[in-house]
Amino acid sequence: MKNIFFTGCWLFGILALQAQGLISKPSYFKTELDSLLETQIVVSLDSLFHDMSDFKLSTKYLKEEESELTKAVLHRYFVSSIRRKRTFFKDYSFKLINLYETKKNNYFLTVVVTKLKSNEVHYIIDLLATPTNQKIVFFTPIKHHAQFWKNHTVGNITYHFRDTINLLNAEEFDRKNTLISQKLGLTPDSFDFYMCYNEQEVLNLLGIRFLSDRVGLTRNGFGVYTKTICAIENHEDFSHDVFHYYSGKVNQPQDRNWITEEGVAYLWGNAYYTDTNGEMISLTRLVSELNTYLDSHPDANLFELFERNTKIFSHIAPEISVRSAIAGVLAHEIENKKGQEGINTLINAGSKNRLETFLTATEHLIGVNKHNFNTRVKKLLKRYPTEE
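Asker: Please explain the pairing of strand S11 (residues 228-231) as it appears in this structure.
Answerer: If a strand is regular, its side chains alternate between the two faces of the sheet. Here S11 shows a buried face lined by Thr228 and Cys230 and a second buried face lined by Ile229 and Ala231. Pairing geometry for strand S8 (residues 191-195) and S11, over four bridges, is parallel. When the bridges of S11 are listed, phenylalanine 193 appears paired with isoleucine 229. In this sheet, S11 lies alongside strand S10 (residues 222-225) in antiparallel orientation, the contact comprising two bridges. From the neighbouring strand, phenylalanine 222 faces S11, where its bridge partner is cysteine 230. Counting the residues that bridge the hairpin from S10 to S11 gives two residues, and of these threonine 226 lies at a positive phi of roughly 45°.

Asker: I'm lost on helix H6 (residues 167-183) in this one. Help?
Answerer: Side chains that are three or four residues apart share a direction in an α-helix, a result of its 3.6 residues per turn. With 17 residues, H6 should cover 24 Å at 1.5 Å per step; its first-to-last C-alpha distance of 24 Å lies within 8% of that length. The complete set of buried residues in H6 reads Ala170, Phe173, Asp174, Lys176, Asn177, Ile180 and Ser181. The buried residues of H6 occupy an angular sector of 165° when the element is viewed end-on, so they sit on one face. The exposed residues of H6 that point more than 90 degrees off its buried face are Leu168 and Gln182. Along its buried surface, H6 packs onto strand S6 (150-154), strand S7 (157-161), S8, S11, helix H8 (239-250) and helix H9 (258-269). The positive-phi residue at the C-terminal boundary of H6 is glycine 185, with phi of around 75°.

Asker: Sorry if this is basic, but what is going on with the pattern of salt bridges here?
Answerer: When their charged atoms lie close together, side chains carrying opposite charge are able to pair. Going through the model one piece at a time under the given rule, you end up with 21 salt bridges. With a shortest N-O distance of 2.9 Å, glutamate 261 and arginine 256 are connected by a salt bridge. Using a relative accessible area of 10% as the deciding quantity, one classes arginine 256 as buried. When the shortest N-O distance is used, the salt bridge between glutamate 304 and arginine 308 registers 3.7 Å.

Asker: Where do I start with the side chain of threonine 110 in this structure?
Answerer: Tracing the backbone shows threonine 110 in strand S3 (residues 106-115). A polar contact of 3.3 Å, which involves the side chain of threonine 110, links it to the side chain of arginine 209.

Rules of the game
- Residues numbered from 1 in each chain as written.
- Predicted model: local features only at pLDDT ≥ 70, side-chain atom pairs only at ≥ 80, totals over all residues.
- Heavy atoms only, no water.
- Buried < 20%, exposed > 50% of the residue type's maximum accessible area, 1.4 Å probe, protein only.
- Helix = DSSP H or I, 4+ residues; strand = E, 2+ residues; numbered from the N terminus.
- Pairing = 2+ DSSP bridges.
- Expected span 1.5 Å × (residues − 1).
- Arc of directions from axis to C-beta.
- Contact = heavy atoms within 4.5 Å.
- Salt bridge = Lys/Arg side-chain N within 4 Å of Asp/Glu carboxyl O.
- Polar contact = N/O pair within 3.5 Å; in protein donor to acceptor, adjacent residues only side chain to side chain.

Structure below.
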């Protein structure tokens, strides 16, 4: 059956490859696959890259069951990266450097993408290929890479991990997943949750073996995309971005105020990053740290800290935002005084002029504005709950 399929596609393959020709092979390229199958994979791979070349990506060359996740990976790490560089596909060469069978009808391949002018490698992409419905389709190798990992389900979350899992953290994340979704009027989704050590491992897991934009960086995960999460620091709690995921389902991009979004993510979830001990950072902890900072800096101007997003938490984690912590405290007060309706108003304060629109919303909801900010926020910080 396989030989009939590929023999029937032989002429199409040769003609299509000659017409398109983005994908080439280096002189050292070798594969144990028969030439008919190799050609069909290369032709289909060429079609996939042509499909991405206008900075869009359909799912017609992707495996149906994995199409949305594969599309998200390729768009976020490859297509968007080329666009950010203000370059085009014609500025790169695409070489298929490896192709082999991993199991029956599954073929692992690697493409190296090189800038033509500088001859520098910018991307190395791994994909799996498989024949289906009279064509070759492609998908991310995440399940292939994690096939021998351990699995454990906690509520709506299926964890995939190498060694151990902290069930208390996992149960807390499942609880937050339910709570956040319900606060926004939604039913909690189920997620596949891959526990990784750092961003480089996340990239490899997804099939992005090398990405020049992210060289040496370790502090970002992946998700939530198509109900898939890849977290760093081997931590079980991804509730910060789960809030953004659910908020995006009910709030329009042009309305979402990202000072609010980050503040509520700190409040309902966490600060996203872990500390030097690998522990997730809570808003309660940050409020305590901020109060200590203010006690030791009595002349500090809270509004200036907020407006400038001054780095005062670098001893905990360099990425932590004082603006988001203060926004979380204001969101906590609004939730207490105005309920979920007040939070929805704050979230939808507007995406443009976000500082101004955020303060307009806080003044409307609880009377906090630029002029009374220092006094009012300092009082809120002092009475913020000390127990989580």
